[in-house]
Amino acid sequence: MKVLVLGGAGYIGSHTVKELLDRGFEVAIIDNLQTGYIEAVDPRAEFFEGDIRDKDFLRGALCGKGYDAVIHFAACSLVGESVTDPLKYYNNNVGGAITLLEVMVEAGIDKIVFSSTAATYGEPERVPILEDDRTLPTNPYGETKLAMEKMFRWTGEAHGIRFVSLRYFNACGADASGKIGEAHNPESHLIPLILQVPNGKREAISVFGDDYDTKDGTCIRDYIHVTDLADAHILAVEYLAKGGESDIFNLGNGVGFTVNEVIESARRVTGHKIPQIISPRRPGDPAQLIASSDKARKILGWNPKHADLDEIVGSAWNWHKNHPEGYKK
(Lines give C-alpha, C1' and ligand atoms only; values in the text may rest on other atoms or scores of the structure.)
Protein backbone atom coordinates (compact mmCIF):
# COMPACT_ATOMS: atom_id res chain seq x y z
CA MET A 1 0.00 0.00 0.00
CA LYS A 2 1.03 3.59 -0.62
CA VAL A 3 0.33 5.99 2.26
CA LEU A 4 0.72 9.77 2.47
CA VAL A 5 1.57 11.04 5.96
CA LEU A 6 0.78 14.70 6.66
CA GLY A 7 2.98 16.04 9.46
CA GLY A 8 5.42 13.16 9.05
CA ALA A 9 8.35 15.25 10.36
CA GLY A 10 6.66 15.73 13.74
CA TYR A 11 6.83 13.62 16.88
CA ILE A 12 4.08 11.04 16.37
CA GLY A 13 4.20 11.40 12.59
CA SER A 14 7.89 10.49 12.32
CA HIS A 15 7.42 7.40 14.48
CA THR A 16 4.44 6.31 12.38
CA VAL A 17 6.43 6.80 9.17
CA LYS A 18 9.23 4.59 10.54
CA GLU A 19 6.78 1.85 11.50
CA LEU A 20 5.06 2.01 8.11
CA LEU A 21 8.37 1.72 6.25
CA ASP A 22 9.59 -1.10 8.51
CA ARG A 23 6.39 -3.00 7.66
CA GLY A 24 6.80 -2.62 3.90
CA PHE A 25 4.48 0.28 3.11
CA GLU A 26 5.41 2.83 0.46
CA VAL A 27 5.38 6.22 2.19
CA ALA A 28 5.41 9.89 1.25
CA ILE A 29 5.49 12.80 3.71
CA ILE A 30 4.14 16.33 3.61
CA ASP A 31 5.33 18.74 6.30
CA ASN A 32 5.81 22.51 6.40
CA LEU A 33 8.48 22.09 9.12
CA GLN A 34 6.70 24.66 11.30
CA THR A 35 6.96 22.36 14.31
CA GLY A 36 8.48 19.29 12.63
CA TYR A 37 12.17 18.68 11.91
CA ILE A 38 13.87 17.76 8.67
CA GLU A 39 16.23 15.59 10.76
CA ALA A 40 13.22 13.47 11.76
CA VAL A 41 12.29 12.72 8.12
CA ASP A 42 13.04 9.11 7.24
CA PRO A 43 15.26 9.08 4.11
CA ARG A 44 13.38 6.03 2.82
CA ALA A 45 10.24 8.16 2.32
CA GLU A 46 9.49 10.70 -0.39
CA PHE A 47 9.32 14.18 1.15
CA PHE A 48 7.33 17.25 0.08
CA GLU A 49 7.92 20.46 2.03
CA GLY A 50 4.83 22.62 1.98
CA ASP A 51 1.61 23.65 3.69
CA ILE A 52 -1.61 21.70 3.26
CA ARG A 53 -3.55 25.00 3.12
CA ASP A 54 -1.84 25.68 -0.22
CA LYS A 55 -4.22 23.99 -2.66
CA ASP A 56 -1.90 24.14 -5.69
CA PHE A 57 0.93 22.59 -3.70
CA LEU A 58 -1.37 19.92 -2.31
CA ARG A 59 -2.73 19.05 -5.75
CA GLY A 60 0.82 18.56 -7.00
CA ALA A 61 1.66 16.29 -4.07
CA LEU A 62 -1.58 14.22 -4.08
CA CYS A 63 -3.05 13.99 -7.55
CA GLY A 64 -1.99 11.13 -9.78
CA LYS A 65 0.37 9.62 -7.18
CA GLY A 66 -1.65 6.48 -6.48
CA TYR A 67 -2.05 6.90 -2.73
CA ASP A 68 -4.29 4.35 -1.06
CA ALA A 69 -4.77 6.34 2.15
CA VAL A 70 -3.80 9.50 4.04
CA ILE A 71 -2.73 9.75 7.69
CA HIS A 72 -3.27 13.27 9.00
CA PHE A 73 -1.05 14.66 11.81
CA ALA A 74 -0.62 18.19 10.41
CA ALA A 75 -2.24 20.42 13.04
CA CYS A 76 -1.31 22.94 15.72
CA SER A 77 -1.63 21.22 19.10
CA LEU A 78 -0.78 23.49 22.06
CA VAL A 79 -3.82 23.94 24.30
CA GLY A 80 -2.56 27.14 25.94
CA GLU A 81 -1.63 28.74 22.64
CA SER A 82 -5.04 27.86 21.21
CA VAL A 83 -6.68 29.91 23.97
CA THR A 84 -4.52 32.99 23.32
CA ASP A 85 -4.52 32.65 19.51
CA PRO A 86 -7.70 30.78 18.52
CA LEU A 87 -7.77 32.08 14.96
CA LYS A 88 -4.37 30.46 14.27
CA TYR A 89 -5.92 27.12 15.26
CA TYR A 90 -9.04 27.55 13.17
CA ASN A 91 -6.97 28.74 10.20
CA ASN A 92 -4.41 25.92 10.35
CA ASN A 93 -6.44 23.00 11.68
CA VAL A 94 -9.90 23.57 10.20
CA GLY A 95 -8.67 25.51 7.16
CA GLY A 96 -6.07 22.85 6.40
CA ALA A 97 -8.67 20.09 6.67
CA ILE A 98 -11.02 21.89 4.24
CA THR A 99 -8.30 22.15 1.59
CA LEU A 100 -7.16 18.58 2.22
CA LEU A 101 -10.66 17.15 1.80
CA GLU A 102 -11.28 19.19 -1.36
CA VAL A 103 -8.09 17.83 -2.94
CA MET A 104 -8.73 14.27 -1.71
CA VAL A 105 -12.11 14.37 -3.48
CA GLU A 106 -10.42 15.67 -6.66
CA ALA A 107 -7.72 13.00 -6.46
CA GLY A 108 -10.13 10.16 -5.72
CA ILE A 109 -8.47 9.23 -2.40
CA ASP A 110 -11.20 7.81 -0.17
CA LYS A 111 -9.48 6.73 3.07
CA ILE A 112 -8.06 8.91 5.87
CA VAL A 113 -6.83 8.21 9.40
CA PHE A 114 -7.00 11.28 11.61
CA SER A 115 -4.90 12.12 14.65
CA SER A 116 -7.53 13.47 17.03
CA THR A 117 -7.40 14.08 20.78
CA ALA A 118 -9.00 13.46 24.15
CA ALA A 119 -9.49 17.24 24.27
CA THR A 120 -12.65 16.70 22.21
CA TYR A 121 -14.34 15.44 25.40
CA GLY A 122 -13.54 18.41 27.65
CA GLU A 123 -14.25 17.72 31.34
CA PRO A 124 -15.01 13.98 31.54
CA GLU A 125 -18.41 12.88 32.79
CA ARG A 126 -17.00 9.53 33.86
CA VAL A 127 -13.75 7.59 34.03
CA PRO A 128 -12.75 5.74 31.94
CA ILE A 129 -13.98 7.82 28.99
CA LEU A 130 -15.94 6.04 26.24
CA GLU A 131 -16.19 7.07 22.58
CA ASP A 132 -19.90 7.91 22.84
CA ASP A 133 -19.47 10.18 25.88
CA ARG A 134 -20.41 13.84 25.54
CA THR A 135 -18.01 16.01 23.52
CA LEU A 136 -17.76 19.50 25.00
CA PRO A 137 -14.24 20.86 24.45
CA THR A 138 -12.93 23.48 26.88
CA ASN A 139 -10.39 25.06 24.52
CA PRO A 140 -10.08 26.01 20.83
CA TYR A 141 -7.63 23.16 20.17
CA GLY A 142 -10.24 20.57 21.17
CA GLU A 143 -12.96 22.50 19.31
CA THR A 144 -10.99 22.51 16.06
CA LYS A 145 -10.24 18.78 16.27
CA LEU A 146 -13.93 18.05 16.91
CA ALA A 147 -14.90 20.28 13.97
CA MET A 148 -12.47 18.34 11.77
CA GLU A 149 -14.03 15.04 12.84
CA LYS A 150 -17.47 16.36 11.84
CA MET A 151 -16.11 17.56 8.51
CA PHE A 152 -14.76 14.07 7.77
CA ARG A 153 -18.15 12.58 8.59
CA TRP A 154 -20.18 14.91 6.37
CA THR A 155 -17.65 14.80 3.54
CA GLY A 156 -17.84 11.04 3.76
CA GLU A 157 -21.62 11.18 3.46
CA ALA A 158 -21.33 13.37 0.35
CA HIS A 159 -18.26 11.94 -1.38
CA GLY A 160 -17.69 8.42 -0.05
CA ILE A 161 -14.54 9.17 1.97
CA ARG A 162 -14.17 6.78 4.91
CA PHE A 163 -12.25 7.90 8.00
CA VAL A 164 -10.94 6.67 11.32
CA SER A 165 -10.48 9.26 14.05
CA LEU A 166 -8.08 8.28 16.84
CA ARG A 167 -8.64 10.19 20.08
CA TYR A 168 -5.62 9.71 22.24
CA PHE A 169 -4.29 10.98 25.47
CA ASN A 170 -0.66 11.59 26.49
CA ALA A 171 1.78 10.47 23.79
CA CYS A 172 5.20 9.75 25.26
CA GLY A 173 8.43 7.78 24.89
CA ALA A 174 10.68 7.38 21.88
CA ASP A 175 11.63 4.82 19.26
CA ALA A 176 13.90 2.03 20.52
CA SER A 177 16.60 3.06 18.04
CA GLY A 178 17.04 6.37 19.87
CA LYS A 179 17.29 8.16 16.50
CA ILE A 180 13.94 9.96 16.72
CA GLY A 181 12.08 11.27 19.74
CA GLU A 182 10.10 14.11 21.29
CA ALA A 183 11.26 17.67 20.63
CA HIS A 184 8.92 20.60 21.26
CA ASN A 185 9.70 24.29 21.60
CA PRO A 186 8.45 25.30 24.06
CA GLU A 187 8.16 21.95 25.83
CA SER A 188 4.86 21.39 27.61
CA HIS A 189 4.67 17.62 28.15
CA LEU A 190 5.31 16.15 31.58
CA ILE A 191 7.89 13.43 30.88
CA PRO A 192 10.27 15.61 28.81
CA LEU A 193 9.93 18.38 31.42
CA ILE A 194 10.85 15.96 34.22
CA LEU A 195 13.84 14.69 32.22
CA GLN A 196 15.13 18.24 31.83
CA VAL A 197 16.17 18.01 35.51
CA PRO A 198 18.70 15.14 35.15
CA ASN A 199 19.76 16.76 31.85
CA GLY A 200 20.74 19.89 33.77
CA LYS A 201 18.21 22.13 32.04
CA ARG A 202 16.08 22.89 35.10
CA GLU A 203 16.58 22.66 38.87
CA ALA A 204 13.31 20.94 39.78
CA ILE A 205 9.97 19.84 38.39
CA SER A 206 6.80 21.67 39.38
CA VAL A 207 3.77 19.61 40.46
CA PHE A 208 0.57 21.60 39.99
CA GLY A 209 -1.59 20.53 42.91
CA ASP A 210 -1.21 17.68 45.40
CA ASP A 211 -4.74 17.79 46.87
CA TYR A 212 -6.76 16.08 44.14
CA ASP A 213 -9.03 13.16 44.98
CA THR A 214 -6.51 10.58 43.76
CA LYS A 215 -4.37 7.99 45.52
CA ASP A 216 -1.47 10.40 46.14
CA GLY A 217 -3.20 13.75 45.57
CA THR A 218 -1.66 14.42 42.13
CA CYS A 219 -3.41 14.31 38.76
CA ILE A 220 -3.80 11.01 36.91
CA ARG A 221 -3.19 10.88 33.17
CA ASP A 222 -3.18 8.15 30.53
CA TYR A 223 0.27 7.72 28.95
CA ILE A 224 0.68 5.88 25.65
CA HIS A 225 4.03 4.98 24.11
CA VAL A 226 4.44 6.67 20.74
CA THR A 227 5.28 3.36 19.02
CA ASP A 228 1.97 1.91 20.23
CA LEU A 229 0.22 4.99 18.81
CA ALA A 230 2.00 4.46 15.49
CA ASP A 231 0.80 0.85 15.50
CA ALA A 232 -2.80 1.99 16.00
CA HIS A 233 -2.61 4.33 13.00
CA ILE A 234 -1.33 1.50 10.81
CA LEU A 235 -4.05 -0.86 12.04
CA ALA A 236 -6.60 1.86 11.23
CA VAL A 237 -5.26 2.14 7.66
CA GLU A 238 -5.51 -1.64 7.28
CA TYR A 239 -9.03 -1.61 8.76
CA LEU A 240 -10.17 0.92 6.15
CA ALA A 241 -8.37 -0.97 3.37
CA LYS A 242 -10.43 -4.05 4.27
CA GLY A 243 -13.65 -2.05 3.87
CA GLY A 244 -14.16 -0.93 7.47
CA GLU A 245 -16.76 1.76 8.09
CA SER A 246 -15.90 5.25 9.36
CA ASP A 247 -15.45 5.20 13.13
CA ILE A 248 -13.89 6.86 16.18
CA PHE A 249 -11.59 5.11 18.66
CA ASN A 250 -9.98 6.07 21.96
CA LEU A 251 -6.35 5.09 22.50
CA GLY A 252 -5.19 4.82 26.09
CA ASN A 253 -3.72 2.36 28.57
CA GLY A 254 -6.95 2.27 30.55
CA VAL A 255 -5.16 2.66 33.88
CA GLY A 256 -3.40 6.00 34.18
CA PHE A 257 -0.48 7.12 36.33
CA THR A 258 -0.24 9.97 38.82
CA VAL A 259 2.26 12.80 38.38
CA ASN A 260 4.14 11.50 41.41
CA GLU A 261 4.34 8.00 39.92
CA VAL A 262 5.84 9.41 36.71
CA ILE A 263 8.42 11.38 38.71
CA GLU A 264 9.32 8.29 40.76
CA SER A 265 9.75 6.30 37.56
CA ALA A 266 12.09 8.98 36.19
CA ARG A 267 14.13 8.82 39.42
CA ARG A 268 14.49 5.05 39.03
CA VAL A 269 15.38 5.23 35.34
CA THR A 270 17.86 8.12 35.53
CA GLY A 271 19.31 7.57 39.01
CA HIS A 272 18.76 11.30 39.67
CA LYS A 273 16.99 12.66 42.76
CA ILE A 274 14.80 15.02 40.67
CA PRO A 275 13.59 17.57 43.25
CA GLN A 276 9.94 18.56 42.96
CA ILE A 277 8.13 21.75 43.90
CA ILE A 278 4.45 21.74 44.82
CA SER A 279 2.68 24.59 43.04
CA PRO A 280 -0.99 25.68 42.98
CA ARG A 281 -3.45 23.81 40.80
CA ARG A 282 -3.81 25.02 37.24
CA PRO A 283 -7.32 26.11 36.24
CA GLY A 284 -9.18 23.47 34.26
CA ASP A 285 -6.95 20.50 35.16
CA PRO A 286 -9.25 17.49 35.77
CA ALA A 287 -8.20 15.08 38.51
CA GLN A 288 -8.29 12.11 36.14
CA LEU A 289 -8.19 11.58 32.37
CA ILE A 290 -8.27 7.91 31.49
CA ALA A 291 -9.53 6.30 28.28
CA SER A 292 -11.29 3.06 27.66
CA SER A 293 -9.59 1.45 24.65
CA ASP A 294 -11.81 -1.63 24.59
CA LYS A 295 -13.32 -0.63 21.23
CA ALA A 296 -9.90 -0.20 19.55
CA ARG A 297 -8.74 -3.53 20.95
CA LYS A 298 -11.88 -5.33 19.76
CA ILE A 299 -12.35 -3.77 16.30
CA LEU A 300 -8.81 -2.76 15.26
CA GLY A 301 -7.02 -5.55 17.13
CA TRP A 302 -4.83 -2.96 18.88
CA ASN A 303 -2.71 -4.34 21.72
CA PRO A 304 -0.24 -1.86 23.28
CA LYS A 305 3.14 -3.52 23.78
CA HIS A 306 4.91 -0.76 25.72
CA ALA A 307 2.57 -0.01 28.62
CA ASP A 308 5.13 -0.38 31.44
CA LEU A 309 5.83 3.08 32.88
CA ASP A 310 9.56 2.49 33.44
CA GLU A 311 9.90 1.27 29.84
CA ILE A 312 8.10 4.38 28.57
CA VAL A 313 10.23 6.75 30.63
CA GLY A 314 13.39 4.75 29.84
CA SER A 315 12.86 5.08 26.10
CA ALA A 316 12.29 8.84 26.51
CA TRP A 317 15.46 9.15 28.61
CA ASN A 318 17.46 7.23 25.99
CA TRP A 319 16.46 9.94 23.49
CA HIS A 320 16.74 13.02 25.71
CA LYS A 321 20.08 12.22 27.35
CA ASN A 322 21.65 11.84 23.90
CA HIS A 323 19.72 14.77 22.38
CA PRO A 324 19.49 17.38 25.15
CA GLU A 325 18.74 20.07 22.56
CA GLY A 326 16.37 17.88 20.55
CA TYR A 327 17.26 17.83 16.88
CA LYS A 328 19.54 20.86 17.16
CA LYS A 329 23.20 20.08 16.63
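Keep in mind that what you see is a predicted model, and the values were worked out from it rather than measured.

Caption draft 1: Representation of the overall build of the protein in the model. Looking only at helices and strands, one finds 10 helices and 14 strands in the protein. At 19 Å, the protein has a C-alpha radius of gyration in line with the 20 Å of a compact globule built from 329 residues. The principal-axis extent of the C-alpha atoms belonging to the protein is close to 55 × 45 × 40 Å. When each of the 329 residues of the protein is scored for burial, the buried share is 57%. Of the contacts formed within the protein by residues at least 6 apart in sequence, a portion of 76% connects residues at least 24 apart.

Caption draft 2: Spatial organisation of the nonpolar core. Formed by 36 residues in total, the largest nonpolar core has its most connected members in Val27 and Leu166. Top element by residues in this core is helix α7 (residues 226-241). It accounts for 9 residues. Apart from the residues within four sequence positions on either side, leucine 166 is in contact with Val113, Phe114, Ser115, Ser116, Thr117, Ala232, His233, Ala236, Phe249, Leu251 and Leu300. Counting 27 residues, the second largest nonpolar core, distinct from the first, contains Leu100, Leu101, Ile109 and Phe152.

Caption draft 3: How the structure looks around the sheet that holds strand β5 (residues 111-117). One open sheet accounts for 7 strands, arranged β3-β2-β1-β4-β5-β6-β11; its pairing is parallel. At either end of the open sheet lies a strand with only one pairing partner, and these are β3 (46-49) and β11 (247-251). This sheet shows a mean twist of 20 degrees between the axes of neighbouring strands, independent of strand direction. Pairing of strand β1 (residues 2-6) with strand β2 (residues 26-31), which is carried by 5 bridges, proceeds in the parallel orientation.

Caption draft 4: Layout of the packing of aromatic side chains. Going through the model one piece at a time under the given rule, you end up with 5 aromatic pairs. Centroid distance tryptophan 319 to tyrosine 327: 4.9 Å. Interplanar angle 50 degrees. Geometry classified as tilted. Across the pair, exposure class does not vary: tryptophan 319 and tyrosine 327 are buried alike. Following the ring pairs from residue to residue traces out a cluster consisting of Tyr37, Trp319 and Tyr327. In this structure, arginine 167 is placed above the aromatic ring of tyrosine 121, and the distance from its NZ or CZ to the ring centre is 4.9 Å. If you follow arginine 281 out to its NZ or CZ, it ends over the ring of tyrosine 212, 3.9 Å from the centre.

Caption draft 5: Layout of the sheet that holds strand β12 (residues 257-258). Reading across the sheet, the 3 strands line up as β12-β9-β14 and stay open at both edges, with mixed pairing between neighbours. The sheet terminates laterally at β12 and β14 (288-289), the two strands that pair on one side only.

Caption draft 6: Spotlight on the packing of helix α4 (residues 86-107) against helix α5 (residues 140-159). Interhelical geometry of α4 versus α5 gives an angle of 15 degrees and a closest axis separation of 9 Å. Relative to α5, the element α4 is oriented roughly parallel. Handedness of the α4/α5 crossing: right-handed. Where α4 abuts α5, its residues Pro86, Tyr89, Tyr90, Asn93, Val94, Ala97, Ile98, Leu101 and Val105 lie against Pro140, Tyr141, Glu143, Thr144, Ala147, Met148, Met151, Phe152, Thr155 and His159. Per-class residue counts for the contact of α4 with α5 are 14 nonpolar, 4 polar and 1 charged.

Caption draft 7: Just the packing of helix α2 (residues 55-62) against α4, in detail. In the contact formed by α2 and α4, the axes pass within 10 Å of each other and the chain directions differ by 40 degrees. With respect to their mutual orientation, α2 and α4 come out oblique. As for the relative orientation of α2 and α4, their crossing is right-handed in sense. For the pair α2 and α4, contact is made by Lys55, Leu58, Arg59 and Leu62 and by Thr99, Leu100, Glu102, Val103, Met104, Glu106 and Ala107, respectively. Partitioned by chemical class, the residues of the contact of α2 with α4 number 6 nonpolar, 1 polar and 4 charged.

Caption draft 8: Just the pattern of salt bridges, in detail. The tally for this structure, following the rule as stated, stands at 24 salt bridges. Where lysine 18 meets aspartate 22, a salt bridge forms, and the shortest distance between an N and an O atom there is 2.8 Å. Of this pair, lysine 18 and aspartate 22 both sit in helix α1 (residues 11-22), 4 residues apart, roughly one helical turn. Aspartate 22 sits in the partly exposed class, given a relative accessible area of 43%. The partner of lysine 18 in a salt bridge is aspartate 175, with the nearest N and O atoms 3.7 Å apart. Of this pair, lysine 18 sits in helix α1 while aspartate 175 sits in the loop between β7 (170-172) and α6 (190-195), and the two are 157 residues apart along the sequence.

Thresholds applied
Each chain carries its own residue numbering, running from 1 in the direction its sequence is written. Residues qualify for local features only when their pLDDT is at least 70, as the model is predicted, and side-chain atom pairs are given and counted only at 80 or more; totals for whole chains, interfaces and linings, by contrast, use all residues. Remark: hydrogens and water are excluded; side-chain values derive from all non-hydrogen atoms of the structure. Strands are runs of DSSP state E lasting at least two residues, helices are runs of H or I lasting at least four, and both sets are numbered from the N terminus onward. Radius of gyration here uses only the C-alpha atoms, and the compact-globule reference equals 2.2 Å multiplied by the residue count raised to the power 0.38. Working definition: with a 1.4 Å probe on protein chains only, accessible area under 20% of the residue-type maximum means buried, over 50% means exposed, and in between means partly exposed. Every residue pair with non-hydrogen atoms within 4.5 Å of one another is taken to be in contact. Residues belong to a common nonpolar core when they are buried Ala, Val, Leu, Ile, Met, Phe, Trp, Tyr or Cys residues joined through side-chain atoms within 4.5 Å. Note: two strands are recorded as paired if DSSP finds a minimum of 2 bridges between them. In this analysis an axis means a line fitted to C-alpha atoms, helices contributing only their contacting stretch, and an angle means the value between N-to-C directions, from 0 to 180 degrees. For Phe, Tyr and Trp, rings pair up if their centres lie within 6.5 Å, where Trp contributes its six-membered ring, and each pair is then called stacked (planes under 30 degrees apart), edge-to-face (over 60) or tilted (otherwise). Lysine NZ or arginine CZ positioned within 6 Å of the ring centre and within 35 degrees of the ring normal marks a charge as sitting over the ring. Throughout this description, any angle smaller than 35 degrees is read as roughly parallel, any larger than 145 degrees as roughly antiparallel, any in the 65 to 115 degree range as roughly perpendicular, and the remainder as oblique. Crossings are sorted by hand: turned counterclockwise from the far helix by less than a right angle, the near helix makes the crossing left-handed, and turned clockwise it makes it right-handed. All residues other than Ala, Val, Leu, Ile, Met, Phe, Trp, Tyr, Cys, Pro, Asp, Glu, Lys and Arg, Gly among them, are scored as polar; the first ten of these are nonpolar and the last four charged. We count a salt bridge whenever a side-chain nitrogen from Lys or Arg sits within 4 Å of a carboxyl oxygen from Asp or Glu.

Nothing here speaks to function; it is all geometry.
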